[in-house]
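# Summary of the model geometry
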Amino acid sequence: MRSIGLFILRLILGTLLIAHGYPKIFGGQGKGEQLSDQTKKQLGETFVTQMEQGGIAQTAGWLESIGTPNPTQAAWAVGIAEFGGVIALVLGWQSRLAAAGNIVAQLVAINKVHRDQGLVNGYELNLALIGGLAVIALGGPGKIGLE
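Now for a description of the structure that goes with this document. From a predicted model like this one, the values you see are computed outputs, not experimental measurements. (Residues numbered from 1 in each chain as written. Predicted model: local features only at pLDDT ≥ 70, side-chain atom pairs only at ≥ 80, totals over all residues. Heavy atoms only, no water.)

Turning to the overall build of the protein, a few remarks are in order. A count of helices and strands for the protein gives seven helices and zero strands. Reading the secondary structure of the protein in the N-to-C direction produces α-α-α-α-α-α-α. Taken over C-alpha atoms, the radius of gyration comes to 15 Å for the protein, in line with the 15 Å a tight globule of 147 residues would show. In terms of overall dimensions, the protein has a C-alpha envelope of 45 × 35 × 30 Å along the principal axes. Evaluated residue by residue, the protein yields a buried proportion of 39% over its 147 residues. Partitioning the contacts of the protein with sequence separation of at least 6, the portion at a separation of at least 24 is 70%. Taking the 10 positively charged and 9 negatively charged side chains of the protein as two groups, their mean positions are separated by 12 Å. (Helix = DSSP H or I, 4+ residues; strand = E, 2+ residues; numbered from the N terminus. Rg over C-alpha atoms; globule rule 2.2 N^0.38 Å. Buried < 20%, exposed > 50% of the residue type's maximum accessible area, 1.4 Å probe, protein only. Contact = heavy atoms within 4.5 Å. Lys, Arg positive; Asp, Glu negative; His and termini not counted. Charge placed at Lys NZ, Arg CZ, Asp CG, Glu CD.)

Below, the structure written as structure tokens:
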């Protein structure tokens, strides 16, 4: 049962984080409009906006605007952690490393973006993600996976 619970946790965390990482790597002007109506409906207008404002160059520009050092490298690091690393997490391969990398990304997001918004409708999602990621980072992916 423990492994099934960890597998479900990996799937849920993966879905949430991939939806945040995908636009950072594959987004850009016009990309939101290329999404199907079904995708727009399922993922919401915020995802469409993130696709339009995404891509490495635009993500780097935004990171620079909030004072992130080495913004292009940071954009790649966040995009890879939230997309590629999370695919590994969902598959149960290198899950502890992927979880740890995403914990760091969420801590930076709280510090740079959400801290002044307070807990409710501010950094509550980041904390929930950190909690789930910490379970995987400390306990591993369970028996259902590639590790």
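Take the packing of aromatic side chains next. In the structure shown here, the tally under the stated rule is three aromatic pairs. When the ring of Tyr22 is compared with that of Phe26, the centres are 4.7 Å apart and the planes differ by 35 degrees; the resulting orientation is tilted. Of this pair, Tyr22 and Phe26 are both found in helix H1 (residues 2–26), four residues apart, which corresponds to roughly one turn of the helix. Judged by its relative accessible area of 31%, Tyr22 falls in the partly exposed class. Here Phe26 falls in the partly exposed class, since its relative accessible area comes to 36%. On the basis of an interplanar angle of 80 degrees and a centroid distance of 5.3 Å, the ring pair of Phe26 and Phe83 is categorised as edge-to-face. In this pair, Phe26 sits in helix H1 while Phe83 sits in helix H5 (residues 71–91), placing the two residues 57 residues apart along the sequence. According to the relative accessible area criterion, Phe83 is buried, its value standing at 18%. A network of ring pairs unites the aromatic residues Tyr22, Phe26 and Phe83 as a single cluster. (Phe/Tyr/Trp six-rings, centres within 6.5 Å; stacked < 30°, edge-to-face > 60°.)

Okay, the environment of Leu63 next. Counting through the fold element by element, Leu63 comes out in helix H4 (residues 56–65). If we ignore the near neighbours within four places in the chain, the residues touching Leu63 are Thr68, Pro71, Ala74 and Ala75.

Right, let's talk about the nonpolar core for a bit. The nonpolar side chains of a soluble globular protein tend to be buried, and buried together. Counting residues in hydrophobic clusters, the biggest one holds 14 residues, and the most contacted among them are Leu13, Leu89, Ala99 and Leu133. Listed by contribution, the elements that provide at least two residues to this core are H1, H5, helix H6 (95–114) and helix H7 (119–139). Considering every element that reaches this core, the biggest residue donor is H7, with five residues. Not counting residues up to four positions away in its chain, the partners in contact with Leu13 are Val86, Leu89, Leu129, Gly132, Leu133 and Ile136. (Core = buried A, V, L, I, M, F, W, Y, C linked by side-chain atoms within 4.5 Å.)

Another aspect to go through is the packing of H4 against H5. For the pair H4 and H5, the least separation of the axes is 8 Å and the interaxial angle reads 115 degrees. Seen from above, H4 lies across H5 with right-handed handedness. Contacts between H4 and H5 involve Ile56, Thr59, Ala60, Leu63 and Glu64 from the first element and Pro71, Thr72, Ala74, Ala75 and Trp76 from the second. Taken together, the residues that form the contact of H4 with H5 break down as seven nonpolar, two polar and one charged. (Axes fitted to C-alpha atoms, helices over the stretch in contact; angles between N-to-C directions. Left-handed = near helix turned anticlockwise from the far one by under 90°. Nonpolar A, V, L, I, M, F, W, Y, C, P; charged D, E, K, R; others polar.)

In short, geometric facts, not functional conclusions.
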